[in-house]
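Residues per chain are reported as follows:
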Amino acid sequence: MAEPRQACDRPMGGDIMLGIRIALAWLILWLGLAANPVTAAQPEWLEGVRQGGYVIVFRHGPTYANQADTDPLNMKNVAAQRQLTEEGRGQATAVGAAMHRLGIPVSTVITSTFQRAVDTGTLLGFGTVTASADVTEGGLVVSPDENNRRAQALRKLAATPPPAGGNLVIISHKPNLMDAFGKDWFDVREGEASVFKPDGAGGSKLIVRIGAGEWSKLADAMR
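Just so it is clear, the structure is predicted and the values come from calculations on it, not from any experiment. (Residues numbered from 1 in each chain as written. Predicted model: local features only at pLDDT ≥ 70, side-chain atom pairs only at ≥ 80, totals over all residues. Heavy atoms only, no water.)

### Some details on the overall build of the protein chain
- Check the secondary structure of the protein chain and you find 7 helices and 6 strands.
- Listed by position from the N terminus, the elements making up the protein chain come as α-α-β-α-β-α-β-α-β-α-β-β-α.
- Counting over 223 residues, the protein chain shows a buried share of 39%.
- Contacts spanning at least 24 positions in sequence make up 63% of the contacts within the protein chain whose residues lie at least 6 apart. (Helix = DSSP H or I, 4+ residues; strand = E, 2+ residues; numbered from the N terminus. Buried < 20%, exposed > 50% of the residue type's maximum accessible area, 1.4 Å probe, protein only. Contact = heavy atoms within 4.5 Å.)

Here it is, written out as structure tokens:
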């Protein structure tokens, strides 16, 4: 004689319906992610930068802390300048690769005349760079008037809309960023970028400050 069914047993039909409901829930979730895979990870400002019209101001990449600029009036004496470390060179290459993966168009790269800035701009991989005294650290070897002129020049560059469909990249130094944009840049790190949106009226708005390692995270999130 068959044993009586226990009262707690679940009917077979109920198991089937539960399985169907779970499968449907997973299908709906998967379809939603497939239709819009990066919405959650993609910040709002990124889409704007992909369209162009922004100015991205970097502090040069990591350098050797035991080096100093011992001949700052002679830019041809590269050996007397503080240099990028291997980490700094690798960081600049990685940032540039991530920006390419993110689809960020760069029309112009302007750098300081110090080699560490030129190297940072070159390793980003957006083509020819233009070195300019306007974004070069002056410090005590130039007059206060010249330091003020450079601060005004950097502010003007950050407020000038780039050509349509492109962004301007600038590689400068911490003192220049502080002089141009204020004391909030006292903690700016080597390799960090500040993204500005020119307002078309001679000013600009800071959109975001982004550390060097964040570019690759943004690009990875798009996969």
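### Re the environment of alanine 133
- With respect to the element layout, alanine 133 can be found in the loop between β3 (130-131) and α5 (144-158).
- A relative accessible area of 36% means that alanine 133 is categorised as partly exposed.
- Through-space distance from the C-alpha of alanine 133 to that of arginine 150 is 7.6 Å; in sequence the pair is 17 residues apart.
- Once residues lying within four places of it in the same chain are set aside, the contact partners of alanine 133 are Thr113, Arg149 and Arg150.

### Looking at helix α3 (residues 86-101)
- Counted at 1.5 Å a residue, the expected span for α3 with its 16 residues is 22 Å, and the 23 Å between its end C-alpha atoms agrees.
- Residues Gly88, Gln91, Ala92, Val95, Gly96, Ala98 and Met99 constitute the buried set of α3. Down the axis of α3, the buried set is contained in an arc of 160°. They therefore lie on one face.
- If you follow the buried residues of α3, they end up packed against β1 (55-59), β2 (106-111), α4 (115-123), β4 (167-172) and α7 (214-221).
- At the C-terminal side of α3, glycine 103 shows a positive phi close to 75°. (Expected span 1.5 Å × (residues − 1). Arc of directions from axis to C-beta.)

### With respect to the environment of leucine 157
- Mapped onto the fold, leucine 157 is located in helix α5.
- Sequence separation of leucine 157 and glycine 203 is 46 residues, and the distance between their C-alpha atoms is 9.7 Å.

### Examining the nonpolar core
- Among the nonpolar cores identified, the biggest contains 26 residues, and Trp45, Ile56, Phe58, Met99, Ile104, Val169 and Trp215 are the most heavily contacted of them.
- Where this core is concerned, the elements lending two or more residues are α2 (44-51), β1, α3, β2, β4, β5 (193-198), β6 (204-210) and α7.
- Beyond its immediate stretch of four places on either side in the chain, phenylalanine 58 contacts Val95, Met99, Leu124, Val169, Ile170, Ile171, Ser172, Gly191, Glu192, Ala193 and Trp215.
- Ala158, Ile170, Ala180 and Phe181 belong to the second-largest nonpolar core, a separate cluster that totals 14 residues. (Core = buried A, V, L, I, M, F, W, Y, C linked by side-chain atoms within 4.5 Å.)

### Looking at the sheet that holds β5
- Pairing is mixed in the open sheet, where 6 strands are placed in the order β3-β2-β4-β1-β5-β6. Here the strands that pair on one side only, and so sit at the sheet edges, are β3 and β6.
- Sheet analysis places β5 next to β6, joined by 6 bridges and oriented antiparallel. Looking across to β6, one finds that alanine 193 is bridged to isoleucine 210.
- Docked against the sheet, α2 engages β1, β4, β5 and β6, running at close to 115° with respect to β6.
- Against the sheet, α7 engages β1, β5 and β6, with an angle of about 85° to β6. (Pairing = 2+ DSSP bridges. Axes fitted to C-alpha atoms, helices over the stretch in contact; angles between N-to-C directions.)

### Considerations on the packing of aromatic side chains
- Taken as a whole and assessed by the stated rule, the structure comprises 5 aromatic pairs.
- The interplanar angle of 35° and the centroid separation of 6.3 Å between the aromatic rings of phenylalanine 58 and tryptophan 215 together place this pair among those described as tilted. With a gap of 157 residues between them, phenylalanine 58 in strand β1 and tryptophan 215 in helix α7 connect regions that are remote in the sequence. There is no split in this pair, since phenylalanine 58 and tryptophan 215 are both buried.
- For the pair tryptophan 185 and phenylalanine 196, a centre-to-centre distance of 6.3 Å together with 20° between the ring planes defines the contact as stacked. One end of the pair, tryptophan 185, is in the loop between α6 (174-181) and β5; the other, phenylalanine 196, is in strand β5, and 11 residues separate them in sequence. Summarising the burial analysis for this pair, tryptophan 185 and phenylalanine 196 share the class buried.
- In this structure, lysine 174 is placed above the aromatic ring of phenylalanine 186, and the distance from its NZ or CZ to the ring centre is 4.3 Å. (Phe/Tyr/Trp six-rings, centres within 6.5 Å; stacked < 30°, edge-to-face > 60°. Lys NZ or Arg CZ within 6 Å of the ring centre and 35° of its normal.)

### Quick word on α2
- Regarding α2, the residues found buried are Trp45, Leu46, Val49 and Arg50. One side of α2 holds all its buried residues, which, seen down the axis, span an arc of 145°. Away from the buried face of α2 by more than 90 degrees, exposed residues Glu44 and Gln51 are located.
- If you follow the buried residues of α2, they end up packed against β1, β4, β5, β6 and α7.
- In the stretch just after α2, glycine 52 is the one whose phi turns positive, near 90°.

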